[in-house]
Amino acid sequence: MNDPVLVGIDVGGTFTDFVVWDAQQLRVHKAPTTPDDQSIAIVQGLRDLGLLTDKADTVLRRSLAIVHGMTVATNALLERRGARTALLTTAGFADVLVIGRQNRPQLYRLQQARAAALVADQHRLEISERLEQHGAVVTPLDEAAIPALVEQLRAAAVESLAIVLLFSYRNPLHEQRAAALLRAALPDLPISLSCDILPEYREFERTATTVINAYVQPLVARYLARLERTLALEMAASAPSIRIMQSNGGVIGLQQAATQAARVVLSGPAGGVVGAFAVATQAMSADTSLLPFSLPKDNPVNLITFDMGGTSTDVALCPGRIPTTAESTITDLPLRLPVIDIHTVGAGGGSLAFVDAGGALQVGPHSAGALPGPACYGRGGDLPTVTDANLVLGRLDAAGFLGGKGQVTLDEAAARRALQRLGAALQLSTEAAALGVVRVANATMERALRRVSVERGYDPRAFVLLPFGGAGPLHACDLAESLGVTRILCPPNPGVLSAYGMLMADVTSEASQALLADADALAHAPAALSAAIAALDEKVTAVLQREEVTEIVRAAEIDMRYQGQSYELTVPLALPVEGMAVAQAAAAFHAAHAQRYGYAMLEARVEAVTVRLRASSPGAKPTLPSQTPQPSVHVTDAITCTKRVWFDAVRPTATPCYQRTLLQPGHRFDGPAIIFQYDATVVVAPGWSSVVDEMRNLWIWRTIVV
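Cut-offs and rules
- Residues numbered from 1 in each chain as written.
- Predicted model: local features only at pLDDT ≥ 70, side-chain atom pairs only at ≥ 80, totals over all residues.
- Heavy atoms only, no water.
- Helix = DSSP H or I, 4+ residues; strand = E, 2+ residues; numbered from the N terminus.
- Rg over C-alpha atoms; globule rule 2.2 N^0.38 Å.
- Buried < 20%, exposed > 50% of the residue type's maximum accessible area, 1.4 Å probe, protein only.
- Contact = heavy atoms within 4.5 Å.
- Areas by Shrake-Rupley, 256 points an atom, 1.4 Å probe, with all protein chains shown as cover.
- Lys, Arg positive; Asp, Glu negative; His and termini not counted.
- Charge placed at Lys NZ, Arg CZ, Asp CG, Glu CD.
- 1 Å grid on protein atoms, 1.4 Å probe; cavity = no way out; pocket = protein on both sides within 12 Å on 5 of 7 lines; lining within 4 Å.
- Points joined across faces, edges and corners; volume = space filled by probe spheres on them.
- Nonpolar A, V, L, I, M, F, W, Y, C, P; charged D, E, K, R; others polar.
- Pairing = 2+ DSSP bridges.
- Axes fitted to C-alpha atoms, helices over the stretch in contact; angles between N-to-C directions.
- Salt bridge = Lys/Arg side-chain N within 4 Å of Asp/Glu carboxyl O.
- Expected span 1.5 Å × (residues − 1).
- Patch = residues over 30% accessible without salt bridge, like charges linked within 9 Å, V, L, I, M, F, W, Y side chains within 5 Å.
- Phe/Tyr/Trp six-rings, centres within 6.5 Å; stacked < 30°, edge-to-face > 60°.
- Disulfide = S-S within 2.5 Å.
- Polar contact = N/O pair within 3.5 Å; in protein donor to acceptor, adjacent residues only side chain to side chain.
- Parallel < 35°, antiparallel > 145°, perpendicular 65-115°, else oblique.
- Left-handed = near helix turned anticlockwise from the far one by under 90°.

A. Just the overall build of the chain, in detail. The helix and strand tally for the chain stands at 17 helices and 34 strands. A compact globule built from 706 residues should have a C-alpha radius of gyration of about 27 Å, and the chain, at 26 Å, falls within 12% of that. When its C-alpha atoms are laid out on the principal axes, the chain stretches across 80 × 65 × 55 Å. The buried share of the chain, reckoned over its 706 residues, is 56%. At a minimum sequence separation of 6, the contacts of the chain that also span at least 24 residues come to 70%. Just so you have it, the chain exposes about 28900 Å², and 52% of that area is on carbon and sulfur atoms. The centroid of the 58 positive side-chain charges in the chain is displaced by 4 Å from the centroid of its 67 negative side-chain charges.

B. Highlighting empty space enclosed by the protein. On inspection of all chains with the given rule, the structure shows two cavities of 30 Å³ or more. In terms of lining, the largest cavity is formed by T324, T325, A326, P338, E510, A511, E557, T570, R612 and L613. Those elements giving two or more residues to the lining of the largest cavity turn out to be β15 (324-325), β24 (507-518) and β27 (606-617). Each pocket or cavity is described by its volume, and for the second largest cavity that value is around 60 Å³. Forming the boundary of the second largest cavity are V19, L26, V279, P491, P492, N493, V496, L497, Y500 and L624. For the lining of the second largest cavity, a count of residues per class yields nine nonpolar, one polar and no charged.

C. Summary view of the sheet that holds strand β29 (residues 652-659). Pairing in this open sheet of four strands is mixed, and the strands run β28-β29-β31-β32 from one edge to the other. Of all strands in the sheet, those bounded by a partner on one side alone are β28 (639-646) and β32 (681-684). Here the strands of the sheet are splayed against their neighbours by 25° on average, with no regard to which way each runs. Bridge analysis of β29 against strand β31 (residues 673-676) gives three bridges, and the strand direction is parallel. Bridge assignment links C657 to a residue of β31, and that residue is I674.

D. Examining the pattern of salt bridges more closely. Under the counting rule described, the total for this entry stands at 25 salt bridges. Here R243 ties to E547 by a salt bridge, and the two come within 3.1 Å at their closest N and O atoms. Of this pair, R243 sits in strand β11 (residues 241-245) while E547 sits in the loop between α16 (527-546) and β25 (553-562); the two residues are 304 residues apart in sequence, bridging distant segments of the chain. For E547, a relative accessible area of 17% corresponds to the buried category.

E. How the structure looks around helix α13 (residues 472-483). In this model, α13 (12 residues) spans 15 Å end to end at C-alpha, consistent with the 16 Å of a helix rising 1.5 Å per residue. Burial runs high along α13: nine of the 12 residues are buried. One or two residues past the end of α13 sits G484, with phi positive at roughly 80°.

F. Molecular detail of a nonpolar patch on the surface. Taken together, the side chains of Y597, Y599 and M601 present a nonpolar region at the surface, about 310 Å² in accessible area. Within the secondary structure layout, Y597 lies in helix α17 (residues 579-597).

G. Main features of the packing of aromatic side chains. Taken as a whole and judged by the stated rule, the model has seven aromatic pairs. Aromatic pair F293 and W699: ring centres 5.8 Å apart, planes at 70°, arrangement edge-to-face. Pair noted here: F293 is in the loop between α9 (267-285) and β13 (302-308) and W699 is in strand β34 (residues 698-702), with a separation of 406 residues, a long-range link. Grouping residues by exposure puts F293 and W699 together as buried. Site record: aromatic cluster; members linked through ring pairs are F293, W699 and W701.

H. Seen up close, the pairing of strand β26 (residues 569-573). Summarising the sheet, β25 and β26 pair through five bridges and their orientation is antiparallel. Note on β26: the bridge partner recorded for E557 is P572. Between the antiparallel neighbours β25 and β26 lie six residues, among them G564 with a positive phi of about 100°.

I. Representation of the sheet that holds strand β6 (residues 124-127) in the model. The four strands lie next to each other as β6-β5-β9-β10, forming an open sheet whose pairing is parallel. Two strands close off the open sheet at either side, each with one partner strand: β6 and β10 (191-193). Neighbouring strand axes in the sheet, compared pairwise and without regard to direction, differ in orientation by 25° on average. Pairing of strand β9 (residues 160-164) with β10 involves three bridges; the strand directions are parallel. Pairing of A162 across the sheet is with S192, part of β10. Contacting β5 (85-90), β9 and β10, helix α7 (residues 203-234) crosses the sheet at an angle of about 160° to β9.

J. Seen up close, unusual backbone geometry. Residue P365 follows G364 across a cis peptide bond; omega there is 0°. When you line up the elements, P365 lands in strand β21 (residues 361-367). Backbone geometry places A157, a non-glycine residue, at a positive phi of 55°. Mapped onto the secondary structure, A157 falls in the loop between α4 (146-155) and β9. Even without being glycine, R696 reaches a positive phi, approximately 65°. Residue placement: R696 occurs in the loop between β33 (688-692) and β34.

K. Here's a closer look at the state of the cysteines. In total, this model carries zero disulfides according to the counting rule given. As a non-bridged cysteine, C376 has C657 as the owner of its nearest cysteine sulfur, 17 Å distant. The thiol of C657 is unpaired, and the distance to the nearest cysteine sulfur, on C641, comes to 3.8 Å. Judged by its relative accessible area of 0%, C657 falls in the buried class.

L. Spatial organisation of the side chain of S453. You can see S453 is positioned in the loop between α12 (430-452) and β22 (464-468). Looking at S453, the relative accessible area reads 0%, which means it is buried. A polar side-chain atom of S453 sits 2.7 Å from the main-chain carbonyl oxygen of L449. Leaving out residues up to four positions away in the same chain, S453 has contacts with L317, Y458 and P460.

M. Structural context of the packing of helix α1 (residues 38-48) against α7. Direction vectors running N to C along α1 and α7 enclose 25°, while the axes themselves pass 10 Å from each other. In terms of their interaxial angle, α1 and α7 are classed as roughly parallel. As for the relative orientation of α1 and α7, their crossing is right-handed in sense. The residues of α7 that touch α1, namely those facing Q38, S39, I42, V43, L46 and R47, are Y223, R226, L227, T230, L231 and E234.

N. Local environment of the pairing of strand β20 (residues 351-355). As judged from the four bridges shared by β20 and β21, these two strands associate in the antiparallel manner. In the sheet register, V355 faces β21, and the bridge partner there is L361. Here β20 hands over to β21 after five residues, with G359 in that stretch at a positive phi of 85°.

Here is the structure:
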């Protein structure tokens, strides 16, 4: 039987990206996102690629294996249009969500604005029961109260329910019993249990994460069911297999994604980091003789990823590995599930530029989105955006956008009108206003890059910057210069790298369990820790077995802190668990604490707070093919035109424009230069040079230091 055609699909705010891996060949495609129903753009894109044919022909088609990153859950949270959700909790604790942590997002603002609640006041319900801190029953569950709760849920037309009872991470009995009784009376009501979603301590975070899952779960489940049904009808003879990208950088099947929807909230950005790290690993481990500079061999994959799309920019620092964290927030609510450690800011190609009440130029976080989009898209938008600014400056080209054959064409006159109005408000020329827009957007993204590097004790000058997304390569040189980074790696298809990363991702399942134990005690008697890991292993293995994978690799981590601290650091835990493994984890914690905070307390007691287990099975791992240089093809053969590009407000610079598909391994040229390709546009700024390696990556390095 032939191998299936692999398709990675990433739904972004402006475009839906496709990467097809078939017979060792890579194809890419972009289609405008359909916000009302993301599956419409997916089906249309698959048709455009020739992967969905008439039903009479489907018997001749090979099967499809789709990995999908989506924004259904993210958008539901951002726009507060999730399911009507209720919360059932221990009597006396219904206000946990409202009380929160009393954090002040704006430190000096007297009146703090609270984000809209996911659960209305009247839908926060209580039930009499109580466990003590070790899980022993103090007050039995009041099962007689269940019929009244059922009537309340029916009367309120509740669409989803979160059950979070006190200390259920120690003993899930009451949560499971309450859920069983409620399901018997309301079989169609989705119920999320904190003992399943997040069996960890910290009441507010556990409640918020379980509520997030309940809030988005019905929408995600309906969307996935609709997508599966639509594709099955389109390919009646061979329904495609579909897996979903998780926020932790792994993929999982539809059933798990639909049940634990909170795990896919950041699926798109996670795919980008996975793809970037894979490309960088391949590029740095291949023959680097074509590069005019050397790469460090002791830790070659020191990487900063920079994903600039239409709506936002996502950045991550990878110090030789893909970093994950269990401490993230979305819409001001904690999401305590494993996610790739990504920082997001509201700066993208579609970010709107405006003059605020004080007369200052602002860019973002509001975006023109896919509809109407930037003014230059010609879809009714007339407000200036970062994309419009790049077009006015000559860094984008109307004829070269999407290879000149996409479904979106650029209207330079419309962009100029929008920037002209902005310039008039600022008393600047059109070009100066456009430069201002780009610089303000760059400042926002620079702060994000410093947050994941300098503020965490890393020197960005020791890292390679890898830009991707539709707009990332446009801004990479400016940002690298501001950070002191001298090496940039631009992959062959930067505009669809998130979709490519989804093909690289492993099939993954993760679970965690609270410990709250002294690390020295665990080192001397690790039986309790071994039992916890065995229980977690049973959970994650069951999930992967449903995916029919063969090879399963397991890795454990443990959250640790000094006694008296409120927050933890996560370090590796060797398997199988022995006393020495716990001691090694404690040593790693001391080192991590010194790295993050500048000091370690080697004599202080260390507490083991939570243990985590990750089970994974290798993904497809398509490798970019290597090519040998062709001496007969000169780099000038790739030049398609020369155009005027503004790099400063003084005057435009005559800049050669290259076609990326014509650039061959070994080709080298100096900036300024513009490189056009179907999925993105690359800007090589003055003072920078570029060379193409054997995998057709574009390496850009600083040649003039100011």
